[in-house]
Amino acid sequence: MSSVLYDAQGPRAKRRNILYTVLFVLAAAAVVWWVYDGLNSKHQLDWIKWKPFFTSSLPWQTYIWPGFQNTIKAAFFALIIALPLGALFGIGRLSDHRWMRAPSGVVVEFFRAIPVLVLMIIANQVYAEYTDIDTETRPLYAVVTGLVLYNASVLAEIVRAGILTLPSGQTDAAKAIGMRKGQTMVFVLLPQAVTAMLPAIVSQIVVIVKDTALGGAVMTFPELLASVRPMAANYGANTIACFTIIAVIYIALNFTLTSFASWLERRLRRAKKSTGAVVGTGPGGDLETIGAPSLNIDDGRAV
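The rules behind the values
- Residues numbered from 1 in each chain as written.
- Predicted model: local features only at pLDDT ≥ 70, side-chain atom pairs only at ≥ 80, totals over all residues.
- Heavy atoms only, no water.
- Helix = DSSP H or I, 4+ residues; strand = E, 2+ residues; numbered from the N terminus.
- Buried < 20%, exposed > 50% of the residue type's maximum accessible area, 1.4 Å probe, protein only.
- Areas by Shrake-Rupley, 256 points an atom, 1.4 Å probe, with all protein chains shown as cover.
- Phe/Tyr/Trp six-rings, centres within 6.5 Å; stacked < 30°, edge-to-face > 60°.
- Contact = heavy atoms within 4.5 Å.
- Salt bridge = Lys/Arg side-chain N within 4 Å of Asp/Glu carboxyl O.
- Core = buried A, V, L, I, M, F, W, Y, C linked by side-chain atoms within 4.5 Å.
- Axes fitted to C-alpha atoms, helices over the stretch in contact; angles between N-to-C directions.
- Parallel < 35°, antiparallel > 145°, perpendicular 65-115°, else oblique.
- Left-handed = near helix turned anticlockwise from the far one by under 90°.
- Nonpolar A, V, L, I, M, F, W, Y, C, P; charged D, E, K, R; others polar.
- Expected span 1.5 Å × (residues − 1).
- pLDDT = per-residue confidence, 0-100.
- Polar contact = N/O pair within 3.5 Å; in protein donor to acceptor, adjacent residues only side chain to side chain.

Turning our eyes to something else, we now look at the overall build of the chain. Broken down by element type, the chain carries 10 helices and 2 strands. Tracing the chain from N to C terminus, the helices and strands come up as α-α-α-α-α-α-α-α-α-α-β-β. Counting every position in the chain, which comprises 303 residues, the buried fraction comes to 33%. When the accessible surface of the chain is totalled, it reaches about 19200 Å², and 66% of it is carbon and sulfur.

For the rest of this paragraph, the subject is the packing of aromatic side chains. Counted according to the given criterion, the structure contains 8 aromatic pairs. Ring geometry for Tyr127 against Tyr141: centres 6.0 Å apart, planes inclined by 75 degrees, an arrangement best described as edge-to-face. With a gap of 14 residues between them, Tyr127 in helix H5 (residues 116-130) and Tyr141 in helix H6 (residues 138-164) connect regions that are remote in the sequence.

Moving on: the side chain of Asn124. Residue placement: Asn124 occurs in helix H5. The class of Asn124 is buried, set by a relative accessible area of 15%. Beyond its immediate chain neighbours, meaning those up to four positions away, Asn124 contacts Arg138, Pro139, Ala142 and Met219.

Enumeration according to the criterion identifies 6 salt bridges in this entry. Among the salt bridges present, the one from Asp96 reaches Lys181, with a minimum N-O distance of 2.9 Å. Residue Asp96 is found in the loop between helix H3 (58-92) and helix H4 (98-113), and its partner Lys181 is found in helix H8 (residues 181-218); the two are separated by 85 residues along the sequence. Owing to a relative accessible area of 59%, Asp96 belongs among the exposed residues under this scheme.

The subject of this paragraph is the nonpolar core. Counting 54 residues, the largest nonpolar core has Phe53, Ile64, Val143, Leu147, Ile163, Met231 and Ile246 as its most contacted members. Those elements that provide at least two residues to this core are helix H2 (47-55), H3, H5, H6, H8, helix H9 (228-234) and helix H10 (239-273). For this core, the leading source of residues is H6, giving 12 residues.

Turning our attention to the packing of H6 against H8. Two measures define how a pair of helices packs: the angle their axes make with one another and the distance between the axes. With their axes 8 Å apart at the nearest point, H6 and H8 run at an angle of 150 degrees to one another. It follows that H6 is roughly antiparallel to H8 by the angle criterion. Of the two possible hands of crossing, H6 and H8 adopt the one that is right-handed. Considering only residue class, the contact of H6 with H8 consists of 17 nonpolar, 5 polar and 1 charged.

End to end, helix H1 (residues 11-41) covers 45 Å across 31 residues, agreeing with the expected 45 Å (1.5 Å per residue, within 8%). After H1 finishes, the residue His43 shows a positive phi value of roughly 60 degrees.

For H6, spanning 27 residues, the distance from its first C-alpha to its last is 39 Å, which sits close to the expected 39 Å at 1.5 Å a residue. Along H6, 21 of the 27 residues are buried, which leaves the element largely enclosed by surrounding structure.

It is worth spelling out the confidence of the model for the chain at this point. Looking at the chain as a whole, the pLDDT averages 84, with 87% of positions reaching at least 70. Below a pLDDT of 50 lies the segment residues 275-303, which in the model reaches 32 contacts outside its immediate sequence neighbourhood of four places, other chains included.

Take the environment of Gln183 next. Examined against the element boundaries, Gln183 turns out to sit in helix H8. A relative accessible area of 26% means that Gln183 is categorised as partly exposed. Dropping the residues within four chain positions of it, Gln183 is found in contact with Gly178 and Val188. Among the polar contacts made by the side chain of Gln183, one reaches the main-chain amide nitrogen of Arg180 at a distance of 3.0 Å.

Here you go:
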């Protein structure tokens, strides 16, 4: 049986695919066994190394929870600052005025080209030289600053691309009913582009959460990943166990974010479908459209 996309597999192709599947499963099983044997031979799978995480709340309260709080705090502040900045610069790049479009493009391209770790280090040095922020909170400021500068530039491109994906008829329709360009952007283009931009925005939020670990690696910011070092030293050099627990927490956190975004995207799409015009019967039995604006030709306004 054939379809538009592909032809049905013949007997030789089916046997070949079965052979490839078996070889892949065997290779994957061999890799898993190699990893397991290596860890087991180094006594990294001994229960004594994993026991503290399952029988006591001390490592969670002393190391993991404070690090988790700092990770969420840095990611939250970076997000609430980077999102409006990214939207502002993304809209600025679409401006008809060159005095607004050119500086926005320079800022976006400049900070997007610099690694976020370099931005964090520069911000830390600037705060150390020119501010009186104490050394305990300075890493947080530096991490947030680096994340904001880099991710605002990336989000600006996401916003710009999301708006450009909309059909030009949306802008033409807004102009036809007398809306100014600012009103068109705020009330017509941005609300429709949000659904298209949502997956990319959530992906960038996940990047923000993970990039907080750079502050712990370089500037002693006590985030989630930085808790591995003192925790492993305190519980018998169980580095593999500590990294595994932290990795599971990161996976659960990012999976929660992506699941929420998927739910929100489906809800927005359903809301869009449910706001269309409804055709019903009028008092005289004639068909009439309910809930759709009509265009007043005399004054160019929707009534």
